[in-house]
Amino acid sequence: AEFAVARIGTKANLLGVVKKRPVFLKFAAPGCSFCRKMQPAWQALAQKAQENNHTALVAEVDCSTVKGKEVCDQFGVKDYPQMKMVYQKSNPVAVASVAYTGGRTLAEMLEWM
C-alpha cells in the first residue's frame with residue numbers, strides 16, 4: 001500500500017498540528033502537473049520522516065478546496081507546488097513559515113528538513 005501523506009484540510013487543522021510540532025507543508029492542486037511529478041518524492045519524504053521520528057510532520061494541503069484555499073491564502077501561495085516549513089511563534093496563535101526553495105528530490109528535501 002502507498003504511504004498516505006498527512007492532509008491539512010483547514011486553518012484550524014493546521015494550527016492544531018503546529019501547536020505540537022512544525023509542519024513541512026506542500027501547497028498543491030490536483031490540476032498541477034509539477035505537483036503530480038514530485039508526489040513520489042514527497043510521499044517518500046513523509047514516510048522517511050515518520051520512520052526517523054522527525055520533529056516535523058510532512059503534510060500537504062489541496063489549494064483547490066474552499067477550506068484548503070484559506071490555508072494557501074494565509075501564506076500567500078498562488079502557484080504550485082510550494083513547500084514551507086510552518087512553525088509556531090511564541091504567541092500561541094501566530095504561525096510563521098520558511099519557504100523551501102531547494103530541489104525536489106528526496107535527498108535534497110530530507111537534508112533541508
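Please refer to the structure higher up on the page.
**Notes on the overall build of the protein chain**
Line of reasoning, step 1. Check the secondary structure of the protein chain and you find 4 helices and 5 strands.
Line of reasoning, step 2. Beginning at the N terminus, the succession of helices and strands in the protein chain can be written as β-α-β-α-β-α-β-β-α.
Line of reasoning, step 3. Here the C-alpha atoms of the protein chain give a radius of gyration of 13 Å, agreeing with the 13 Å that 2.2 N^0.38 yields for 113 residues.
Line of reasoning, step 4. Counting across all 113 residues of the protein chain, residues that qualify as buried make up 39%.
Line of reasoning, step 5. At a minimum sequence separation of 6, the contacts of the protein chain that also span at least 24 residues come to 65%.
Line of reasoning, step 6. Charge centroids of the protein chain, computed over 15 positive and 9 negative side chains, lie 6 Å from each other.

**Some words on helix H3 (residues 66–74)**
Line of reasoning, step 1. Taken together, the buried positions of H3 are occupied by Gly68, Val71 and Cys72. Take H3 and look down its axis: the buried residues cluster within an arc of 100°, on one side only.
Line of reasoning, step 2. Residues of H3 that are buried make contact with helix H1 (11–18), strand S2 (23–28) and strand S3 (57–62).
Line of reasoning, step 3. With its phi angle positive at about 65°, glycine 76 sits one or two positions after the end of H3.

Rules behind the numbers
Residues numbered from 1 in each chain as written. Predicted model: local features only at pLDDT ≥ 70, side-chain atom pairs only at ≥ 80, totals over all residues. Heavy atoms only, no water. Helix = DSSP H or I, 4+ residues; strand = E, 2+ residues; numbered from the N terminus. Rg over C-alpha atoms; globule rule 2.2 N^0.38 Å. Buried < 20%, exposed > 50% of the residue type's maximum accessible area, 1.4 Å probe, protein only. Contact = heavy atoms within 4.5 Å. Lys, Arg positive; Asp, Glu negative; His and termini not counted. Charge placed at Lys NZ, Arg CZ, Asp CG, Glu CD. Arc of directions from axis to C-beta.

These results come straight from atomic positions and should not be treated as a statement about function.
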